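Structure at a glance
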Amino acid sequence: MANKTIHSEGRKYIYRVIKFCDEEKERGQLIVPINNTNTRASLATQVSERTISQIRKKGHMADDAGTELGTPSKKRKPSPKKFP
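- The name that an unreviewed UniProt entry assigns to the protein chain is Transposase, with the source organism given as Periplaneta americana.

Below, the structure is given as structure tokens:
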């Protein structure tokens with residue numbers, strides 16, 4: 001993997017996953033069964049399961065299209081025409 005800068009938002013989520021994994025290690029067992037991937041991801045990242053599902057769906061679509069998973073765009077209203 002190329003050396004890329006991970007910004008504060010990404011670092012925050014990575015740290016949440018690390019804490020989740022450490023907690024499982026301390027307990028000596030899984031917090032959520034391994035088959036419940038969306039629930040595990042939700043608890044690890046502290047993001048809703050709905051958001052995890054949406055990102056998973058868009059990630060699969062990006063993989064199929066051979067593109068990267070992008071950031072959602074702001075919905076913009078078309079600007080009014082200046083000239084008739």
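**Thoughts on the packing of helix α1 (residues 8–27) against helix α2 (residues 37–45)**
- Between α1 and α2, whose axes approach to 7 Å, the crossing angle comes to 110°. Relative to α2, α1 is oriented roughly perpendicular. Residues Tyr13, Arg16, Val17, Phe20 and Glu24 of α1 form the contact with α2, whose own contacting residues are Arg40, Leu43, Ala44 and Thr45.
- Looking at the contact of α1 with α2, its residues break down into five nonpolar, one polar and three charged.

**Focus on helix α3 (residues 49–65)**
- Helix length check: α3 (17 residues) gives 24 Å between terminal C-alpha atoms against 24 Å at 1.5 Å per residue, within 8%.
- Considered for burial, the residues of α3 that qualify are Ile52, Gly59 and Ala62. For α3, the arc enclosing every buried residue in end-on projection is 90°, short of the 170-degree limit, so these residues lie on one face. In α3, those exposed residues whose orientation departs by more than 90 degrees from the buried face are Arg50, Lys57, Asp64 and Ala65.

Criteria and cut-off values
Residues numbered from 1 in each chain as written. Predicted model: local features only at pLDDT ≥ 70, side-chain atom pairs only at ≥ 80, totals over all residues. Heavy atoms only, no water. Axes fitted to C-alpha atoms, helices over the stretch in contact; angles between N-to-C directions. Helix = DSSP H or I, 4+ residues; strand = E, 2+ residues; numbered from the N terminus. Parallel < 35°, antiparallel > 145°, perpendicular 65-115°, else oblique. Contact = heavy atoms within 4.5 Å. Nonpolar A, V, L, I, M, F, W, Y, C, P; charged D, E, K, R; others polar. Expected span 1.5 Å × (residues − 1). Buried < 20%, exposed > 50% of the residue type's maximum accessible area, 1.4 Å probe, protein only. Arc of directions from axis to C-beta.

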